[in-house]
Amino acid sequence: MEPYTRPFWESLRDGTFLIHACESCDERFFPPSPICPHCHSTDVDWSETDGVGTLYSFTRTHATAEPFDNELVIGTVELADGPKLLAPIDASYSSLEIGDDVRIMSREYDVDYDRGWLDTYPFFVARPVTN
Amino acid sequence: MTRTAAPTVAGIGTVPNGTYSIPERDLALRVVQEALEDASLELSAVDGMYLPAPRPWTPQGFFSTYLLHLLGLDVDRSVEVSTGGTSGANAFHSAVSDIRDGTVETALVLAVERNSIVETTGPYFDYILKSFDTEFESPIGMTVPAAYAQSMQRYLYEYGIARRDLADIVVKNRTNGVANPDGLFDESLSQDDVLDARLISDPIRLFDCPAPCDGAVAILLTTAANNESDFPQILVQGTGYHHTASHFLRSRETSITELPAVRTAVDTATERAGVSIPEIDVFEPYAPFPHIEAIVTEELGLVERGCGVTACLEGQTAPDGPFPISPSGGCLGRGHPPMVTPLLNYVAAVKQLRGTASTQIPDVERVLTTAEHGHVNGVTATVFGTEV
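The structure displayed is predicted, hence computed values, not measured ones. (Residues numbered from 1 in each chain as written. Chains lettered and ligands numbered in written order. Predicted model: local features only at pLDDT ≥ 70, side-chain atom pairs only at ≥ 80, totals over all residues. Heavy atoms only, no water.)

A.B. asks: Summarise empty space enclosed by the protein; cite the residues concerned and give the values.
C.D. replies: Evaluated as defined, the whole model comprises three cavities of 30 Å³ or more. If you add up the space inside the largest cavity, you get close to 50 Å³. Taken together, the residues that form the lining of the largest cavity break down as five nonpolar, three polar and one charged. (1 Å grid on protein atoms, 1.4 Å probe; cavity = no way out; pocket = protein on both sides within 12 Å on 5 of 7 lines; lining within 4 Å. Points joined across faces, edges and corners; volume = space filled by probe spheres on them. Nonpolar A, V, L, I, M, F, W, Y, C, P; charged D, E, K, R; others polar.)

Written as structure tokens, this is what we have:
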């Protein structure tokens, strides 16, 4: 059996951010799962998103686990397509405000943290969208 | 199965929160002895043992089996629960259910934890990281304060609350905790102390976080008929639990500034107890950060949404206020061994009902406590009272 989420990571390698869409209730959701968490239908499929959303909340850490920098800017992004997700934020903490326009993008993963079978895949990051 | 009498608290045993260099075993045996003495019960009366599963860094594995052998106890139920911060509470609720349905007559509920033996930069962070989504969140470097910092940030934003005002909840709980002989702290804090402390995860600072420490509690529950305590009978009048379809900050329908699991668990517990919130005299919630206490105050229906901080500022949650919250200090003011904290809240409830609390509220007849895990994704609620 293949990990269910492998298509997500394969697409991310090509710069495409995938979420899930339920064909039964039309909700979009993340993380991907074969069961819709809204209506419990299994009639679900991958759906491409442009990663555009707004910053729902954010923080800057000052102490983290060993392989990570102590100062990390992390936020919750509410995608225009619906789902909310956590993401590293590629911006200084002081420059951010709740409601900022951001976009989720693919980024090489360079932390010495064991991601298991995902070790060769990129991760993602949210970047402010400048008009 | 034949339903028996409602569970009553027969005895309590505690050690002060702090740092201990003795094994968990010895802390456990000490609080068990104290609880038995408090209950005027023989150890042989115990026929069920319930505890939160020891954390991964506890040297002694298979802890309940080890302890049952050491105590020479044959029991009809032995349970170790692992549901994060609600573990101790769910262990207690299992004991309550087993006494209610007659599976056991006298239950020993026990929690023991030493956080002083774990490196917070190494194994502890690894353990915490794995509680987030290991595929999509752990690789970011998430921490528990980083989750609560985001709900604090959002709460301040949604309701236009000044960061400074939140500090009052910490100050109030620390003042209560300093008076508690089982608490970790000797000194109270000013608002400036809270606001000038080092940053942990913006906008959360050091004293906004519950201080990890060592601790142990034992509580003996039994049927009213078996209860030989010298104190008036204290009943577990109602229990409730709810887990929403959320995982840390991932919630779909509601804002992260709402805690629906609190609302639902409390509704269940009060309904089972046959009481309403205005009939509760004291609240001892598991509120690990100040904005969580504010939101819990709102979820209990004590104030309108967004007014939880004002309630503290106006003294409504103070020991002499209309709805005292955490007169024991809670985990912010008392120190926080997470596996033990739910039981420390129960002990605080029992002491209020006995009239022996460090910060005693007059004429207490009912106390409500809560426990939570994750980002308040799962919640227990428990109502204690003196009416039979």
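A.B. asks: Any chance you could break down the layout of surface pockets for me, citing the residues and the numbers?
C.D. replies: Residues and elements named next belong to chain A. Size it by volume and the second largest pocket reaches roughly 370 Å³. Along the wall of the second largest pocket there are 19 residues; nearest its centre are Asp-69, Leu-72, Pro-88, Arg-107 and Val-111. Here the lining of the second largest pocket is built from residues that sort into 13 nonpolar, no polar and six charged.

A.B. asks: Break down the nonpolar core for me, with residues and values.
C.D. replies: One broad rule of soluble globular proteins: the nonpolar side chains tend to lie buried together. All names here are of chain A. Counting 45 residues, the largest nonpolar core has Phe-8, Trp-9, Phe-17, Ile-104 and Phe-124 as the members making the most contacts within it. With four residues, the top contributor of residues to this core is strand 5 (residues 73–79). When neighbours within four sequence positions are excluded, Phe-17 is seen to be in contact with Phe-8, Leu-12, Phe-30, Ser-47, Glu-48, Thr-49, Leu-79, Leu-85, Ile-104 and Phe-124. (Core = buried A, V, L, I, M, F, W, Y, C linked by side-chain atoms within 4.5 Å. Buried < 20%, exposed > 50% of the residue type's maximum accessible area, 1.4 Å probe, protein only. Helix = DSSP H or I, 4+ residues; strand = E, 2+ residues; numbered from the N terminus. Contact = heavy atoms within 4.5 Å.)

A.B. asks: Could you give me a rundown of the packing of aromatic side chains, with the residues and numbers involved?
C.D. replies: Summed over all chains, the structure comprises 27 aromatic pairs over all chains. For the pair Phe30(A) and Phe136(B), a centre-to-centre distance of 5.0 Å together with 70° between the ring planes defines the contact as edge-to-face. Taken together, the residues span two chains, with Phe30(A) in the loop between strand 2 (28–29) and strand 3 (44–49) and Phe136(B) in the loop between helix 4 (123–129) and helix 5 (144–159). Accessibility classification places Phe30(A) together with Phe136(B) in one group, the buried group. An aromatic cluster is present here, built from Phe8(A), Trp9(A), Phe17(A), Phe30(A), Tyr109(A), Phe123(A), Phe124(A) and Phe136(B) joined pairwise through their rings. Over the ring of Tyr56(A) we find Lys84(A); its NZ or CZ atom is 4.7 Å from the centre of that ring. (Phe/Tyr/Trp six-rings, centres within 6.5 Å; stacked < 30°, edge-to-face > 60°. Lys NZ or Arg CZ within 6 Å of the ring centre and 35° of its normal.)

A.B. asks: Hey, could you go over the environment of Gln316(B) for me, with residue numbers and the actual values?
C.D. replies: Residues and elements named next belong to chain B. Among the structural elements, Gln-316 can be located in the loop between helix 10 (308–313) and helix 11 (330–334). For Gln-316, a relative accessible area of 23% corresponds to the partly exposed category. Non-local contacts of Gln-316, meaning those with residues more than four positions away in its chain, are made with Val-303, Ala-311, Gly-321, Pro-322, Phe-323 and Pro-324.

A.B. asks: Account for the interface of chain A and chain B, naming residues and giving values.
C.D. replies: Between chain A and chain B, the contact holds 37 residues from the first and 33 residues from the second. Interface area for chain A against chain B, summed over the two sides, is near 3000 Å², with a carbon-plus-sulfur share of 60%. Among the residues chain A hides against chain B, the three largest losses belong to Tyr56(A), Leu86(A) and Ile98(A). Together they make up 21% of the total. In this structure, Asp202(B) and Arg60(A) form a salt bridge, with 3.1 Å as the shortest nitrogen-oxygen distance. Of all the elements in the fold, those that place two or more residues in the side of chain A that touches chain B are helix 1 (6–13), strand 4 (52–60), strand 5, strand 6 (84–88) and strand 8 (123–128) of chain A. In terms of residue count, the dominant contributor to the side of chain A that touches chain B is strand 4 of chain A (five residues). Looking at the side of chain A that touches chain B residue by residue, the class counts come to 24 nonpolar, nine polar and four charged. (Buried area = accessible area lost by both parts, 1.4 Å probe. Salt bridge = Lys/Arg side-chain N within 4 Å of Asp/Glu carboxyl O.)

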